Each structure stands twice: as structure tokens, then as C-alpha cells.
Amino acid sequence: MKDGIQKRTEMKKGRLLAFEGIDGSGKSTQLMLLAERLKREGVPVYTTMEPTASPIGAMIRQVLTGRIKMDPKVIAALFVADRLDHLLNDVDGIRMKVEAGTTVLTDRYYFSSYAYQSVDMPMDWVIQANEESRKILRPTATVFIDVPPKMAIERIVKGRASRELFEEQSRLEAVRERYLEAFERTKDTETILWVDGTRPVDVVAEAVWEKLQAFF
């Protein structure tokens, strides 16, 4: 009886699915396509992103667009603060939504910090700084949309009028390597779903759905 009650309780809880990838990978597009599919299936869905739309997130965006210059450690700390507010905000915090039974799809989560910030400082420092967020809410799964940095830059140049702080090919090559390192370091505690993002959008979307079906 106890096991049955526990299983029913777990079924009511929502999920957190994090989409990761270097800039230009197509992860944002895939997140929205998945959200549309889940809504058609009748799954309660909430889409969000990091940096958030909070005052802290707005400051980070000013850094990324070059309007404000900060030391890398300060930038990393801002991401930590923005993420904790993303989790714990009493208006639209994602922990609250998951506990209420909503499936939350987030465009970036703590693996983004592991990958991007560790280019400028030790990954151990970044992981430790984000430990509280990991304890509060670990993703049901992290979907990594993988593309070569050269292809990512070509997409960025084609689709945007300007680039952000990290959007240079050499930088994205380093970031991708940090992603792979972070995934290897956390393989025993995290569920990482790798998806080849070089294919047509609809093919990638089907691959994402195929990997995630087991969670619904």
C-alpha cells in the first residue's frame, strides 16, 4: 500500500526538462516545438529561460550585449543569483510549478554555467557555486542539442543583427568542450540526452521527442 501511495504522489509531480547547447545550436526552437507538442497531448507546460526577465537577469543581458563590463567571477555570481530566484520566486518560481504538477521547459540551466563560466575559471568553482540550485531542483533530464561551433556561428551570423559576449567560434569551441567535460563529470547523477542538432529542424524535433517519451 505504501508503495502505491508513493507512486501516485510521484505521478502528480511535474518535471523539469532543461535544454542546453552552445549559442546557435537551435535549442530554443526545439524547446518551443516540444512545448507545442506537449500542449497538444494535454500536458500542463510552462516555458522559461535563463537569464530570466528578473532585474538580475536584465543586468546579465546588459553584460552579454556589452553595455556593462564585469569580472567573470561577478558574472558567474549573477547567474547563480538569477538561477536561485528563478527557482524560488514566489510568483513564478519553477520549483513551485514542478511541485504543482507542471512540466517546466527551461532554455538553459546550471549546465550552461558549468560550460560558459568555466572557460574563465575552474569548473570546480562554478559547480560549487551552483550546488544549492542543484539540490533544490535537479532536471528530470537535460537535452543537449549538439552542433559544431562553425555551424553555430554561421546560423548566428545569418539570423541576428549582432552578436553577444560569448558568440565567437573559438569561444564556442571551448564552451562545447566544457559541456562535454561537465557531462562526463556528472554522468552518475544526471540524465543527459544527446541530440544531433545538425539535421533539419523537424528531424531534430522527432529525435528529441523519441528520447523524452519515456518521461511522460
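Residues numbered from 1 in each chain as written. Predicted model: local features only at pLDDT ≥ 70, side-chain atom pairs only at ≥ 80, totals over all residues. Heavy atoms only, no water.

Brief notes about the overall build of the protein chain
Part 1: A count of helical and extended segments in the protein chain gives 11 helices and 5 strands.
Part 2: Once the C-alpha set of the protein chain is aligned to its principal axes, its extents read approximately 55 × 35 × 30 Å.
Part 3: Counted over contacts in the protein chain with a minimum sequence separation of 6, partners at least 24 positions apart contribute 75%.
Part 4: For the protein chain, the accessible area works out to roughly 11300 Å², and carbon and sulfur atoms hold 53% of it.
Part 5: Of the charged side chains in the protein chain, 33 are positive and 33 negative, and the gap between their average positions amounts to 2 Å. (Helix = DSSP H or I, 4+ residues; strand = E, 2+ residues; numbered from the N terminus. Contact = heavy atoms within 4.5 Å. Areas by Shrake-Rupley, 256 points an atom, 1.4 Å probe, with all protein chains shown as cover. Lys, Arg positive; Asp, Glu negative; His and termini not counted. Charge placed at Lys NZ, Arg CZ, Asp CG, Glu CD.)

Details of the pairing of strand E3 (residues 103-107)
Part 1: Counting buried positions along E3 yields 5 of 5 residues, so the element is predominantly enclosed.
Part 2: Neither face of E3 is left uncovered, since the one carrying Thr 103, Leu 105 and Asp 107 and the one carrying Val 104 and Thr 106 both have all their residues buried.
Part 3: The sheet contact formed by strand E1 (residues 15-20) and E3 spans 5 bridges and is parallel. By the bridge assignment for E3, Leu 16 is matched with Val 104.
Part 4: Where strand E2 (residues 45-49) and E3 come together, 5 bridges link them in parallel fashion. Bridge pairing links Tyr 46 to Val 104 in E3. (Buried < 20%, exposed > 50% of the residue type's maximum accessible area, 1.4 Å probe, protein only. Pairing = 2+ DSSP bridges.)

Quick word on the pairing of strand E5 (residues 192-196)
Part 1: Burial along E5 is one-sided: the residues Leu 193 and Val 195 are buried and none of Ile 192, Trp 194 and Asp 196 is.
Part 2: As defined by bridge partners, strand E4 (residues 141-146) adjoins E5 across 5 bridges and the pair is classed as parallel. Residue Ile 145 lies in a different strand from E5, and its bridge partner there is Val 195.

Brief notes about helix H3 (residues 55-64)
Part 1: Within H3, burial applies to Gly 57, Ile 60, Val 63 and Leu 64. For H3, the buried positions fall inside an angular range of 110 degrees around the axis, keeping them on one side.
Part 2: Positive backbone phi, approximately 85 degrees, marks Gly 66, located one or two places after H3. (Arc of directions from axis to C-beta.)

As for the confidence of the model for the protein chain
Part 1: Looking at the protein chain as a whole, its pLDDT mean stands at 92, while 90% of the residues score no less than 70.
Part 2: pLDDT under 50 marks residues 1-11. Its contacts with residues more than four places away, or in other chains, come to 0 contacts. (pLDDT = per-residue confidence, 0-100.)

Some details on the environment of Leu 105
Part 1: Within the secondary structure, Leu 105 sits in strand E3.
Part 2: Once the C-alpha coordinates of Leu 105 and Met 32 are considered, the two residues, 73 residues apart in sequence, prove to be 8.6 Å apart.
Part 3: If sequence neighbours within four positions are ignored, Leu 105 has contacts with Leu 17, Leu 31, Leu 34, Ala 35, Leu 38, Val 45, Tyr 46, Thr 47 and Thr 48.

Overview of the nonpolar core
Part 1: By size, the foremost hydrophobic cluster in this structure holds 30 residues, and its most contacted members are Ile 22, Tyr 109, Leu 137 and Tyr 179.
Part 2: Contributing elements (two or more residues each) for this core: E1, helix H4 (72-88), helix H5 (94-99), helix H6 (110-117), helix H7 (123-129), helix H9 (149-159) and helix H10 (169-185).
Part 3: Discounting residues that sit within four places of it in the chain, Ile 22 has contacts with Arg 108, Tyr 116, Val 147, Pro 148, Pro 149, Ala 152, Leu 172, Val 175, Arg 176 and Tyr 179.
Part 4: Judged by nonpolar contacts, the second largest core, of 19 residues, contains Leu 17, Leu 31, Ala 141 and Val 204. (Core = buried A, V, L, I, M, F, W, Y, C linked by side-chain atoms within 4.5 Å.)

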